[in-house]
Amino acid sequence: MLTSFMEGILCCLTSKSTNVVVPVETSEQADGYEFVEVKPGRVLRVRHIIPDRPVVEEPPGQGGIVSCKRKITVYRNGQLFIENLGDRASAELKNCQNGDTEPNSTVEVELTECGNSSPPVAIPEPRSESVTAGKDRTAETLTGEEAPVADQRTDQSQQTRKRRRKPKRTVVIDCERKISACKGTHQDVSLFFIHGVGGSLDIWGSQLDFFSRLGYEVIAADLAGHGASSAPQIAAAYTFYALAEDMRLIFKRYARKRNILIGHSYGVSFCTFLAHEYPEQIHKMVMINGGGPTALEPSLCSIFNLPTCVLHCLSPLLAWSFLKAGFAQQGAKEKQLLKDNNAFNVSSFVLRAMMSGQYWPEGDEVYHAELTVPILLVHGMHDKFVPVEEDQRMAEILLMAFLKVLEDGSHMIMMECPEAVNTLLHEFFLWEPITPPPPKKESKTRPESARVYSDNTKVSSEVRPASARQTSSNGCAEDQPGS
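Residues numbered from 1 in each chain as written. Predicted model: local features only at pLDDT ≥ 70, side-chain atom pairs only at ≥ 80, totals over all residues. Heavy atoms only, no water.

1. Some words on the packing of aromatic side chains
Thought 1: With the rule as written, the count across this model stands at 20 aromatic pairs.
Thought 2: Summarising the aromatic geometry, the rings of phenylalanine 193 and tryptophan 204 are spaced 5.2 Å apart at their centres and angled 50 degrees between planes, so their arrangement reads as tilted. Remark: tryptophan 204 occurs in the loop between strand 9 (189-194) and helix 5 (205-213) and phenylalanine 193 occurs in strand 9; sequence separation between them is 11 residues. Each member of the pair, phenylalanine 193 as well as tryptophan 204, carries the same accessibility label: buried.
Thought 3: Taken together, Phe210, Phe211, Tyr216, Phe402, Phe428, Phe429 and Trp431 form an aromatic cluster joined through their ring pairs.
Thought 4: Cation over ring: lysine 284 sits above phenylalanine 428, and NZ or CZ is 5.3 Å from the ring centre. (Phe/Tyr/Trp six-rings, centres within 6.5 Å; stacked < 30°, edge-to-face > 60°. Helix = DSSP H or I, 4+ residues; strand = E, 2+ residues; numbered from the N terminus. Buried < 20%, exposed > 50% of the residue type's maximum accessible area, 1.4 Å probe, protein only. Lys NZ or Arg CZ within 6 Å of the ring centre and 35° of its normal.)

Encoded structure:
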């Protein structure tokens, strides 16, 4: 502690940052470690493992075809309405371009007077099946007690003002995706692991070893200033867009035909960015303690806004706080995990620049709602950095999302419960939806094997694999893929 304090004072006097992370000399080049220069002077350490496996081509015709037909409406007050259209997309919707506002997608809102505490009532247009000004309300709810409202609009006209509003933005998604199981013997599958603030590729050690033994090709990189990657001494090198560009270049270098992205904490945002940039190449995605679908913006009142020298003096306290909040238990085992996996071992300058550079206004709810890939959400119940409500909101926004909650883990769940996390990820990689057979023309009844969800999407009861039901031994919640 005294050493850190003296180094912090020296940093303030000399105006130079201390504890600079630079690439370490390594002789593990043949063991899967590579150094990639993404930009002049910007070198990232990458662990790339290509297992020995026979070439096995995937038989044609396997995998389920998932129809992604969705209408996302954003109103000027920030409210969001998502309608999963399924097979009910009309020709008018198909002709609507993304980002354009439909002429007929208007909603009439009754704005009550200031003295009236009753909530406003949304009255949909006659041609629209489900349009609402609320976040979770549909036109189907405008029955029962609200039915007389339409008949009494004349009497209420003296007490309320009516105004016709158009959505600020309407996005229509209409595509089909082929979702198949990702077996280790396939040559066109790659797994990309992206860590968060203060981490390194070493935190994925258990996952990299596990999936490489199964025959998967795995890629993990140290973000700039982390692990053994270079640490530029300029704050602009650690903005979201600079780091996202690094990950994009790494992805282009190692990408196969089908790629699976696995992100942790801040790394989830980079996975989302890549899924938008390369939607045809991203097969599935895993978000581990990533938080809610909100646009990133650095906090104005944060300890990380303090000068670098002050942060360096407080580095032992910050490391202790990370241990308390990042792990469900704080013992010798957890401390050794941090030391062995080179986690939270970054310079004060890099830490401050990373926290101040988390500005990503595009990553809002609409941005996440546009994703059409299957996504597994893994959350540690004792996580003190990311509340479970944020991942629950993310599961509501995403089109195909499955939330798993591990009761014995916290923020660093992949290090605390590696067996449970590896099992969940592997089951998700092997999962594939089974497209139900089309109903016979002479039969007008719905097949018994189909279930209708609240999002108007038909899902076969055979979607969930048998291995996904074995959750009691992993300590996770009952919510499984396809359930």
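That covers the picture; the talk isn't over yet.
2. Quick word on the pairing of strand 10 (residues 217-221)
Thought 1: The buried fraction of strand 10 amounts to 5 of the 5 residues, a majority that puts the element mostly inside the structure.
Thought 2: Because side chains alternate across strand 10, one face comprises the buried residues Glu217, Ile219 and Ala221, and the other comprises Val218 and Ala220, equally buried.
Thought 3: Bridge count between strand 2 (residues 42-49) and strand 10: 4 bridges; the pairing is antiparallel. In the sheet register, histidine 48 faces strand 10, and the bridge partner there is isoleucine 219.
Thought 4: Two strands pair when backbone bridges link them, and strand 9 and strand 10 are joined in this way by 5 bridges, in the parallel orientation. Considered in strand 10, the bridge of phenylalanine 192 is made with isoleucine 219. (Pairing = 2+ DSSP bridges.)

3. Examining the nonpolar core
Thought 1: Grouped together as the largest cluster of nonpolar side chains are 54 residues, with contacts concentrated most on Tyr238, Met247, Ile250, Phe270, Met285 and Met287.
Thought 2: Here this core gets 7 residues from one element, more than from any other, and that element is helix 6 (residues 240-254).
Thought 3: The contact partners of isoleucine 250, leaving out residues within four places of it in the chain, are Val36, Val38, Leu44, Val46, Phe192 and Ile219.
Thought 4: By size, the runner-up hydrophobic cluster in this structure holds 45 residues, among which are Leu338, Met412, Ala420 and Val421. (Core = buried A, V, L, I, M, F, W, Y, C linked by side-chain atoms within 4.5 Å. Contact = heavy atoms within 4.5 Å.)

By themselves, these figures tell us nothing about what the structure is for.
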